[in-house]
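Single-letter residue listing:
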Amino acid sequence: LFFDFDKLAEKKIRVFVDTVGLDLSSSYKITTPIVATPDSVLFKGPLTLLRDLPDSILVKVSKSGIQENFNEKIKVPDQGFDYRIEMMNKDVRVRFGVERFEKESIEIPLWPINFPENKSYDYDRKVIVTYFVNEENKNKIDASKFQASINFKKLDKKDSSIKPTLVKKPSF
């Protein structure tokens, strides 16, 4: 008769939320950090088996079409570990904020930089900037919040183009 003894131990494994699998409603974006509480799951079992466990676990939010702040308990999926390993906490609370954003466009002037003064160049004097803005900041945006330039030193000699640079944008 043979008995295999091992120390009984605990291991905390960090929990991460699958952000790729989050299904937000159209035009909604995450606006706060995604927080899982607790941030780890405790496992108990033989020390030699616990050493082989991964350092993190991914939990998935199954709700689709999210369009309001999220704050729900999520079941930690069964990891399929050895039957002698026990998962102590089986769910985590996941929370994050979301807001609706609208796609807007505005036409702004282009400011030339480093253009030779003795020659005339033909280029578009304006550029259309497209951006996403939430309802709170929608009325705070006008052309004065943006500035774009074209730098002659960045001329692409292959096709004679210059890519505009956005040098000023709203802080929100």
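Parameters and conventions
- Residues numbered from 1 in each chain as written.
- Predicted model: local features only at pLDDT ≥ 70, side-chain atom pairs only at ≥ 80, totals over all residues.
- Heavy atoms only, no water.
- Phe/Tyr/Trp six-rings, centres within 6.5 Å; stacked < 30°, edge-to-face > 60°.
- Helix = DSSP H or I, 4+ residues; strand = E, 2+ residues; numbered from the N terminus.
- Buried < 20%, exposed > 50% of the residue type's maximum accessible area, 1.4 Å probe, protein only.
- Lys NZ or Arg CZ within 6 Å of the ring centre and 35° of its normal.
- Pairing = 2+ DSSP bridges.

**A short note on the packing of aromatic side chains**
And then number 1: Under the definition given, this model contains four aromatic pairs.
And then number 2: Here the aromatic rings of Phe 43 and Phe 81 are separated by 5.4 Å at their centres, their planes lie at 70 degrees, and the arrangement is edge-to-face. In this pair, Phe 43 sits in strand 4 (residues 40–46) while Phe 81 sits in the loop between strand 6 (70–75) and strand 7 (86–87), placing the two residues 38 residues apart along the sequence.
And then number 3: Residue Phe 81 is classed as partly exposed on the basis of its relative accessible area, which comes to 25%.
And then number 4: A centroid spacing of 5.3 Å and a plane angle of 35 degrees characterise the contact between Tyr 131 and Phe 146, whose relative ring orientation is tilted. Residue Tyr 131 is located in strand 10 (residues 126–134), and its partner Phe 146 is located in the loop between strand 10 and strand 11 (147–151); the two are separated by 15 residues in the primary sequence.
And then number 5: The class of Phe 146 is buried, set by a relative accessible area of 8%.
And then number 6: Sitting over the face of the ring of Phe 132, Lys 29 holds its NZ or CZ atom 4.6 Å from the ring centroid.

**Considerations on the sheet that holds strand 4**
And then number 1: Pairing is mixed across the open sheet formed by four strands, whose spatial order is 5-1-4-7. Because the sheet does not close on itself, it has two edges, and the strands there are strand 5 (56–59) and strand 7.
And then number 2: In this structure, strand 1 (residues 8–17) lies alongside strand 5, joined through four bridges in parallel fashion. Each bridged residue has a counterpart across the sheet, and for Arg 14 the counterpart in strand 5 is Ser 56.

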